[in-house]
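Coordinates in review
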Amino acid sequence: MMYDEICYESSFLKEAIARIDFIAPIEELSKSLPPKLADALSKHFPISEPTEAIAQQLQLTGEKVRHNQTRFTKWTFFGKEREKQLVLIAQCVFVRYERYTTFEDMKGQFTAVVDAVKKAFPDARAGRFGLRYINLIEIPDLATPTTWGDYIAPALLGTMAFFTQPRHLTRLIQVAELKREGLDVRFQFGMPNPDYPAMMKRPQFLLDIDAYVPTVHDLGESLQHMERGHGLIQELFEMSITKQLRERMNARSVSVQE
C-alpha cells in the first residue's frame, strides 16, 4: 500500500501525543523554570498554569515500609482555547492535542519546545520518545455495535468470525506489537465499550497506535523518530479503514492505492 498526502475534513482522532522521557531527571525543573525557557514555551502555549504535585515512593528496609513524599512543580501550558497542552516536569516533557490540525503543525510546535529545552539544559538526553494517536471511531447509525465490515478492514475484524453470537460481547480489544525502521509500535484495536461490563450499546471502534523508541538518544534525534513514527502510524491507520470510512470523513487530496 502507498499513501501520499491524506487530509480529512473531519476525523475521529481524540488525542495526539508526543512525549520525551529524560534519561535522568532535570532536578532544577522540580522547583523553578528558567525565564527564557518559559517565554519560548508560551509562544505556542500562551496559558501558563503551574501546579504543585507530590511524588510518592515506597522503600522496603528489612521488614519496614517507608513512605517518602517529594513535592515538585508541574509546569503546564495550554493553547488559547485549551485545545492543546504542554507539560514539563523533571522526568519528561510532552504535548497533547485534543483539537488536531496537521502533523506539520504538531511537529513544528514540538520542535520549538524541544529546541528550547535543549538550549536551557544542554546536557539533557532522552531515554524514550513516543508518538501516539488515539482514534475512537463512532458511527451512530451502525446496524449493531459489532457490525463494522463497511468501515474497518476485514482482515482487522478476523477475530469476529470466532464469535457466532457477537451480540453477547461486552468488549473486544486486541494488541499487536511490532518493530519497524528502528521503532517499536504498539497497536491496540477493537471495541472498547464505554458501558462495560454491561452489554455493548454504543458503536465504537478503537485504533490506538503508539510508535516509540525506548533507547537513549539526543533530544534532537527525537524529532527524526517523530517523522518516521508518524509515517508508520499513518500507514497502519490507513490499512485499518475502508473507502467508505474515508468518504465519511470527507477525505480530500488523497492518493490511495489498495
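Data block above holds the structure.
For the structure given in this document, a descriptive report is provided here. (Residues numbered from 1 in each chain as written. Predicted model: local features only at pLDDT ≥ 70, side-chain atom pairs only at ≥ 80, totals over all residues. Heavy atoms only, no water.)

For helix H2 (residues 103-120), with 18 residues, the first-to-last C-alpha span of 26 Å sits near the 26 Å given by 1.5 Å per residue. Every buried residue of H2 is listed here: Phe103, Met106, Gln109, Phe110, Val113, Val114, Ala116 and Val117. Down the axis, H2 shows its buried residues gathered within 165 degrees of arc, on one side only. In H2, the exposed positions that point more than 90 degrees away from the buried face belong to Glu104 and Lys119. (Helix = DSSP H or I, 4+ residues; strand = E, 2+ residues; numbered from the N terminus. Expected span 1.5 Å × (residues − 1). Buried < 20%, exposed > 50% of the residue type's maximum accessible area, 1.4 Å probe, protein only. Arc of directions from axis to C-beta.)

Within a regular beta strand, the side chains point alternately toward one face of the sheet and then the other, so they alternate between its two faces. Burial of strand E9 (residues 125-138) is extensive: 10 of the 14 residues sit out of reach of the surface. Of the strand pairs in this sheet, strand E3 (residues 13-22) and E9 are connected by 9 bridges, and their pairing is antiparallel. Within E9, the position partnered with Ala18 by the bridge is Leu131. Two elements, E9 and strand E13 (residues 217-218), share 2 bridges in a ladder whose sense is antiparallel. The residue bridging Ala126 from the neighbouring strand is His217, located in E13. Here E9 pairs with strand E12 (residues 204-213) via 10 bridges, running antiparallel. (Pairing = 2+ DSSP bridges.)

Quick look at the nonpolar core now. Of all hydrophobic cores here, the largest spans 67 residues; its most connected members are Leu88, Trp148 and Phe205. If we skip the residues at most four places from it in the chain, Phe205 touches Asn135, Leu136, Ile137, Trp148, Ile152, Leu156, Leu157, Phe189, Gly190 and Met191. (Core = buried A, V, L, I, M, F, W, Y, C linked by side-chain atoms within 4.5 Å. Contact = heavy atoms within 4.5 Å.)

Pro197 follows Tyr196 through a cis peptide bond whose omega is 10 degrees. Mapping Pro197 onto the fold places it in the loop between strand E11 (183-191) and E12. A positive phi angle, close to 60 degrees, is found at Arg82, a residue other than glycine. Mapped onto the secondary structure, Arg82 falls in the loop between strand E6 (64-78) and strand E7 (84-88). Even without glycine at this site, Asn193 takes up a positive phi of about 60 degrees. By the element assignment, Asn193 lies in the loop between E11 and E12.

Moving on to the environment of Leu29. Turning to its location among the elements, Leu29 is positioned in the loop between E3 and helix H1 (35-42). The exposure class assigned to Leu29 is buried, which follows from its relative accessible area of 0%. Leu29 sits 59 residues away from Leu88 along the chain, and the two C-alpha atoms are 7.9 Å apart. Beyond its immediate sequence surroundings of up to four residues, Leu29 is in contact with Pro34, Thr73, Trp75, Leu88, Ile89, Ala90 and Phe121.

Now for the side chain of Asp184. With respect to the secondary-structure elements, Asp184 resides in strand E11. Among the polar contacts listed, one links the side chain of Asp184 to the side chain of Lys179, at a separation of 2.8 Å. The residues contacting Asp184, other than those within four sequence positions of it, are Leu178, Lys179, Asp210, Ala211, Tyr212 and Pro214. (Polar contact = N/O pair within 3.5 Å; in protein donor to acceptor, adjacent residues only side chain to side chain.)

Attention now goes to the packing of H1 against H2. The interhelical angle for the contact between H1 and H2, taken along N-to-C directions, is 175 degrees, at an axis separation of 9 Å. When the axes of H1 and H2 are compared, the pair comes out roughly antiparallel. Every residue of H2 that contacts H1 at Leu37, Ala40 and Leu41 is listed here: Val113, Ala116, Val117 and Ala120. Here the residues of the contact of H1 with H2 are counted per class, giving 7 nonpolar, no polar and no charged. (Axes fitted to C-alpha atoms, helices over the stretch in contact; angles between N-to-C directions. Parallel < 35°, antiparallel > 145°, perpendicular 65-115°, else oblique. Nonpolar A, V, L, I, M, F, W, Y, C, P; charged D, E, K, R; others polar.)

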